[in-house]
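These are the residues of each chain, in order.
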Amino acid sequence: MTLKFFFGKPRKDGTCPLRIRFKANELQDHKITIQGLAIRTNLWDKHLNRVLPEHPAYRDINEKISLYESKMRDVSEKYRVGNIDFDTACRMMRSSSSMISIRDFINQLENLDDKKRSTIVNYHNSINAFSFHTKIKEPLFSDITYINISKMRKSLSDLNKSPESHNKYLRDIKAICRSAYKFKMVFEVPDFDRSWGAKKSPVNKVKTVLPIDIIEAIERIELKSKHRRSRKKVVKQFEAVGLWMLMFSMRGMYPADINEISAKNLDYNFESRIKAELSDAKSEISLRGNPFLYSHQRHKTEIPMKIMLNMPPIRKLIAVLRYLVSASHPKDAFQSQEESQITSYKKRIQTKTPEEVDHFKIFSFTEESDPERYKEMWNNYYKQLRSIDMPTFKVARKTFMTTSTLLDIPQSIGRTMLGQKDPSISAYYNNFDDPRLFVKVTQAHIKVLREFNIIDIYNVWLRKIDELFGSNWHKIYGFSIPQNLLYANFYKELESMIQITHTKIKN
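Let us look at the structure shown here.

What counts and how
- Residues numbered from 1 in each chain as written.
- Predicted model: local features only at pLDDT ≥ 70, side-chain atom pairs only at ≥ 80, totals over all residues.
- Heavy atoms only, no water.
- Helix = DSSP H or I, 4+ residues; strand = E, 2+ residues; numbered from the N terminus.
- Buried < 20%, exposed > 50% of the residue type's maximum accessible area, 1.4 Å probe, protein only.
- Contact = heavy atoms within 4.5 Å.
- Areas by Shrake-Rupley, 256 points an atom, 1.4 Å probe, with all protein chains shown as cover.
- Lys, Arg positive; Asp, Glu negative; His and termini not counted.
- Charge placed at Lys NZ, Arg CZ, Asp CG, Glu CD.
- Pairing = 2+ DSSP bridges.
- Axes fitted to C-alpha atoms, helices over the stretch in contact; angles between N-to-C directions.
- Parallel < 35°, antiparallel > 145°, perpendicular 65-115°, else oblique.
- Left-handed = near helix turned anticlockwise from the far one by under 90°.
- Nonpolar A, V, L, I, M, F, W, Y, C, P; charged D, E, K, R; others polar.
- Expected span 1.5 Å × (residues − 1).
- Arc of directions from axis to C-beta.
- Salt bridge = Lys/Arg side-chain N within 4 Å of Asp/Glu carboxyl O.
- Phe/Tyr/Trp six-rings, centres within 6.5 Å; stacked < 30°, edge-to-face > 60°.
- Lys NZ or Arg CZ within 6 Å of the ring centre and 35° of its normal.
- Polar contact = N/O pair within 3.5 Å; in protein donor to acceptor, adjacent residues only side chain to side chain.

## So, the overall build of the protein chain
Working step 1: On a plain count of helices and strands, the protein chain comes out with 20 helices and nine strands.
Working step 2: Summarising its shape, the C-alpha atoms of the protein chain cover approximately 95 × 60 × 55 Å along the three principal directions.
Working step 3: Of all 507 residues assigned to the protein chain, the portion counted as buried reaches 48%.
Working step 4: Sequence-distant contacts in the protein chain: of pairs separated by 6 or more residues, those separated by 24 or more amount to 66%.
Working step 5: As presented, the protein chain carries roughly 27000 Å² of accessible surface, and 49% of it is formed by carbon and sulfur atoms.
Working step 6: On the protein chain, the mean spot of the 86 positive side-chain charges and the mean spot of the 59 negative ones are 2 Å from each other.

Here it is in structure tokens:
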């Protein structure tokens, strides 16, 4: 491998551009011109790779050469151990802090680092916001200055955007700059001190809602005509409300978490269950694991959450939503319209291979697998919520935590329910994998759902669907016994349900 400085063709003023030659083999031989470095070759020390003191601006030139030497060593080592390919190595050596496009670098990050696709999308969104508010069409790393960040902050303020919007974009820009410095794409990172951020209000106003707010939003859903377009819009409105209830019921999940719901996260081997149910042999098998326990890694924090999936109304909510989504979003739904119309359970699971069967998956994709499709779909759901004056999905999480606090549930239990990081010292002493603590977490979960009257809201939702479409879903999926009695019975059986260690499957 060859990696060295050399000179390009002489210019009219007698100087020569300083270049880098990177040769891996006979087929991979690339020459890179260092922007802004024109050298008088008679004042060049080839042993030190520096210009002599007699050269104009010799300190600035030697400092820049030193930075490129450091980058060359780093890139050659990454290439030697196989962390980057030849083309990526060339792009890294070609870049300079003044010339590299931030968008180009973000595109490279998918290959350079183990960033999630959703992170890459967020980075692009933040740079697009920076571009819009500063009027810089193609932002470069050299454009990340205090003056330009101030322009973005003022523009957002003039548009009545919250300080959190500016600070979110700034956090992403910081992360991008630090990644660029890490990979030697740039040679320095701005200070990013406190003055770069937007001042938050000293009082953080958290928006929450009451059960009556959700019920009134459901009652505002109207079928204005029998045309297919009108019916489809109403179905999406019902879906949006159902998804809000599901996020609340599953302890404050966000849209990205909902897209990742899957039977694969159950405590037992779901695929083995399906294979057993498809078998012709009449038998009973026992699979290790609890049939009710659902393990979910929260999308935002990656903190594991354990939920009893048979907690009313979670399973029934998911079942109804799968039917609705198959009707309104046939391309996005995991359960097809044809599958939804099959009444026989055995015939329904025969439509797919055992690996493909999933009783809980609502959508056929996640934010990671298709970020653009994900964004478009959830933007539409947000629009449907606004059309019936329904609170946003994020309010579901805030309402869950506020209800927990009103019930005097300990903060450590509340954070565990929501999959939040615990900043207190108790995080190092509480073992929430202990079944006794999980019982307490689940008991708190029951209290929050009961306090918010989620069963009553769910029943109102089903009855409204039946009223507008002439269906009979409340009879099939509704709860006929009073909410307090329903949760009291669940509460009594909770400890014994959590202690189950095997799932029995009959065929």
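## Examining the sheet that holds strand β2 (residues 16-23)
Working step 1: If you walk across this open sheet you meet the three strands as β1-β2-β3, and the pairing is antiparallel. Two strands in the sheet have a free side with no partner beyond their single neighbour: β1 (2-7) and β3 (29-39). Strand-to-strand twist across the sheet, computed as the mean angle between neighbouring axes with direction ignored, equals 20 degrees.
Working step 2: Pairing between β1 and β2: six bridges, direction antiparallel. If you follow F7 over to β2, its bridge partner there is L18.

## Here's the deal with the packing of helix α15 (residues 393-406) against helix α16 (residues 411-418)
Working step 1: At a closest axis distance of 10 Å, the pairing of α15 and α16 adopts a crossing angle of 155 degrees. With respect to each other, α15 and α16 are oriented roughly antiparallel. As α15 packs across α16, the resulting crossing turns out to be right-handed. The residues of α16 that touch α15, namely those facing R397, F400, M401, S404 and T405, are Q411, G414, R415, M417 and L418.
Working step 2: Taken together, the residues of the contact of α15 with α16 sort by class into four nonpolar, four polar and two charged.

## Section: helix α14 (residues 371-387)
Working step 1: With 17 residues, α14 extends 24 Å between its outermost C-alpha atoms, agreeing within 8% with the 24 Å of an ideal straight helix rising 1.5 Å per residue.
Working step 2: Those residues of α14 not exposed but buried are P371, Y374, M377, W378, Y381, Q384 and L385. Looking down the long axis of α14, one finds its buried residues gathered within 150 degrees of arc, a one-sided arrangement. Exposed positions of α14 whose direction lies more than 90 degrees from the buried face are E372, E376, K383 and R386.

## Description of the pattern of salt bridges
Pairing between side chains of opposite charge can happen when the charged atoms of each approach one another.
Working step 1: Enumeration according to the criterion identifies 16 salt bridges in this entry.
Working step 2: Its salt-bridge partner being R21, residue D29 comes within 2.6 Å of it at the nearest N-O pair.
Working step 3: D29 sits in the partly exposed class, given a relative accessible area of 29%.
Working step 4: For E271, the salt bridge goes to K275, with nearest N and O atoms at 3.2 Å. Of this pair, E271 and K275 both sit in helix α10 (residues 270-278), separated by four residues, roughly a single helical turn.

## Quick look at the pairing of β2
Working step 1: When β2 meets β3, the two strands line up antiparallel, connected through seven bridges. Each bridged residue has a counterpart across the sheet, and for C16 the counterpart in β3 is I39.
Working step 2: Hairpin remark: β2 followed by β3, antiparallel, with five residues in the connecting loop.

## Some remarks on helix α17 (residues 435-451)
Working step 1: Compared with the 24 Å implied by 1.5 Å per residue over 17 residues, the 24 Å span of α17 between its first and last C-alpha is a close match.
Working step 2: Restricting attention to buried positions, one finds in α17 the residues F438, V439, V441, T442, Q443, A444, H445, I446, V448 and L449.
Working step 3: N453 sits one or two positions beyond α17 and adopts a positive phi of about 60 degrees.

## Looking at the environment of V357
Working step 1: Within the secondary structure, V357 is located in the loop between α13 (345-349) and α14.
Working step 2: Spatially, the C-alpha atom of V357 lies 9.7 Å from that of F334, the residues being 23 residues apart in sequence.
Working step 3: Look past the residues within four positions of V357 in its chain and what remains in contact with it is K264, F270, I274, I349 and K352.

## Topic: the packing of helix α4 (residues 117-134) against helix α5 (residues 146-158)
Working step 1: Axis separation between α4 and α5 bottoms out at 8 Å; the angle between their running directions is 85 degrees. The pairing of α4 with α5 is recorded here as roughly perpendicular in orientation. Contact residues: A129, F130, H133 and T134 in α4; N148, I149, K151, M152, S155 and L156 in α5.
Working step 2: Tallied by class, residues from the contact of α4 with α5 come to five nonpolar, four polar and one charged.

## Some words on the packing of aromatic side chains
Working step 1: In this structure the tally under the stated criterion is 24 aromatic pairs.
Working step 2: Between the aromatic rings of W244 and F248, the centroid separation amounts to 6.1 Å while the plane-to-plane angle is 5 degrees, which identifies the pairing as stacked. On the criterion of helical spacing, the pair formed by W244 and F248 is a turn pair, its members being four residues apart in helix α8 (residues 228-249).
Working step 3: The structure contains a cluster of three or more aromatic residues connected by ring pairs, namely F363, F365, Y374, W378, Y381, Y382 and F393.
Working step 4: Taking the ring centre of Y254 as reference, the NZ or CZ of R397 above it sits at 5.5 Å.

## Some words on the side chain of N290
Working step 1: Mapped onto the elements, N290 comes out in the loop between β6 (284-288) and β7 (293-297).
Working step 2: Taking the relative accessible area as the measure of exposure, N290 reaches 3% and is therefore buried.
Working step 3: At a separation of 3.3 Å, a polar atom in the side chain of N290 contacts the main-chain carbonyl oxygen of I500.
Working step 4: Filtering out sequence-adjacent residues up to four positions away, N290 remains in contact with D267, Y268, M497, I498, I500, T501 and T503.

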